[in-house]
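Secondary and tertiary structure notes
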Amino acid sequence: SNLEYSVDKNTHTREVVLNGNAFFKVKKDSTLPKFLVHAHSITVSVVGTQFNVNARNPEVEVALTSGKVHVNWNSGNNESAQMLPGDLIKTDIGNREFNTSKMDTLMYSAWTKGYWSFRNTTLAEMGTLMQEYYGAEITFNNERNKNLRMTGVLPVSGLHDLVNVISQTLQVQIK
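The structure reproduced in this document is the subject of the present report. Residue positions within a chain follow its written sequence, with the count starting from 1. Two thresholds apply to this predicted model, a pLDDT of at least 70 for residue-level local features and 80 or more for giving and counting side-chain atom pairs, whereas whole-chain, interface and lining totals are computed over all residues. Heavy atoms from the whole structure form the basis of all side-chain values; hydrogens and water molecules are not counted.

**Notes on the packing of aromatic side chains**
Aromatic rings from Phe, Tyr and Trp, with only the six-membered ring used for Trp, were paired whenever their centres fell within 6.5 Å, and each pair was classed as stacked if the ring planes differed by under 30 degrees, edge-to-face if by over 60, and tilted otherwise. Inspection of the entire model under this criterion finds six aromatic pairs. A centroid spacing of 4.9 Å and a plane angle of 10° characterise the contact between Trp-73 and Phe-98, whose relative ring orientation is stacked. Here Trp-73, found in strand β8 (residues 69–73), pairs with Phe-98, found in strand β11 (residues 97–102); they are 25 residues apart in sequence, far enough to count as distant. Relative accessible area serves as the criterion here: at 5%, Trp-73 is assigned to the buried category. Think of it in three bands: with a 1.4 Å probe and only protein chains considered, a residue is buried below 20% of the maximum accessible area for its type, exposed above 50%, and partly exposed in between. Phe-98 gets classed as buried once you look at its relative accessible area, which sits at 9%. By the ring-pair criterion, three or more aromatic residues cluster together here, those being Trp-116, Phe-118, Tyr-133 and Tyr-134. A run of DSSP states H or I qualifies as a helix once it reaches four residues; a run of E qualifies as a strand once it reaches two. Both are numbered from the N-terminal end.

Right, here's the structure in full:
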């Protein structure tokens, strides 16, 4: 992940540009300037809250764990979305729209404490996380295994440990 910010203290906003994945905890303080996160084609406006932004690719995902945020397109579209805790927004670049759904807030904040929390999560979803976090190439020899589901709290200590726990729990061979 890459996070860029200005060291100029005289600005009227606190702005960062994110390419990658980051979890933010922004304290609500009326004496501080507005906080903005720019990620590819969107901007997240923050009052005081905790949220995760995954901008590893142009289809940005914003998960709100507490507080309230506004998500806006940077240009060419006036559509905006106001998020409440438990909301997940995925951008649809082709249609320039936001797809909103509900999510488990623990799934999107647990990694900041050194573990992943899976709740009825498919092996395909876990594979996507392993690709994003560890750069692992994930392929399935048996397509049915993609739909295997797991609930549990796993340490994020390393790919090898994670693969061992998933393999033993779901009783599948992972190489």
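**Concerning the sheet that holds strand β9 (residues 80–83)**
Any two strands between which DSSP finds at least two bridges are classified as paired. Pairing is mixed across the open sheet formed by six strands, whose spatial order is β1-β2-β4-β5-β8-β9. Two strands close off the open sheet at either side, each with one partner strand: β1 (2–5) and β9. Neighbouring strand axes in the sheet, compared pairwise and without regard to direction, differ in orientation by 20° on average. Pairing geometry for strand β2 (residues 13–19) and strand β4 (residues 34–39), over five bridges, is parallel. Along β4, the bridge assignment pairs Arg-14 with Phe-35. Between N-to-C directions, angles cover 0 to 180 degrees, with each direction set by a line fitted to C-alpha atoms, over the stretch in contact for helices.

**Looking at the sheet that holds β11**
By way of backbone hydrogen bonds, the strands of a sheet pair with one another, either parallel or antiparallel. Pairing is antiparallel in the open sheet, where five strands are placed in the order β3-β6-β7-β10-β11. Looking at strand neighbours, the two that pair on one side only are β3 (21–26) and β11, the edges of this open sheet. Recorded for the sheet is a direction-independent mean angle of 20° between the axes of neighbouring strands. As paired strands, β3 and strand β6 (residues 49–54) are joined by six bridges and run antiparallel to one another. For Val-26, the partnering residue across the bridge sits in β6 and is Thr-49.

**Quick notes on the environment of Phe-23**
Considering the arrangement of structural elements, one finds Phe-23 in strand β3. Separated by 115 residues in the primary sequence, Phe-23 and Ile-138 place their C-alpha atoms 25 Å from one another. The contact definition used throughout considers only heavy atoms, calling two residues in contact when any of these lie within 4.5 Å. Phe-23 has contacts with Gln-50, Phe-51, Asn-52, Thr-65, Tyr-108, Ser-109, Trp-111 and Thr-112, leaving out every residue within four places of it along the chain.

**Describing the pattern of salt bridges**
The term salt bridge refers to a pairing of a side-chain nitrogen on Lys or Arg with a carboxyl oxygen on Asp or Glu at a separation within 4 Å. What the rule picks out here adds up to five salt bridges. Close ionic contact of Glu-61 with Lys-90 constitutes a salt bridge, the shortest N to O distance being 3.7 Å. In this pair, Glu-61 sits in strand β7 (residues 61–66) while Lys-90 sits in strand β10 (residues 87–92), placing the two residues 29 residues apart along the sequence. For Glu-61, a relative accessible area of 16% corresponds to the buried category.

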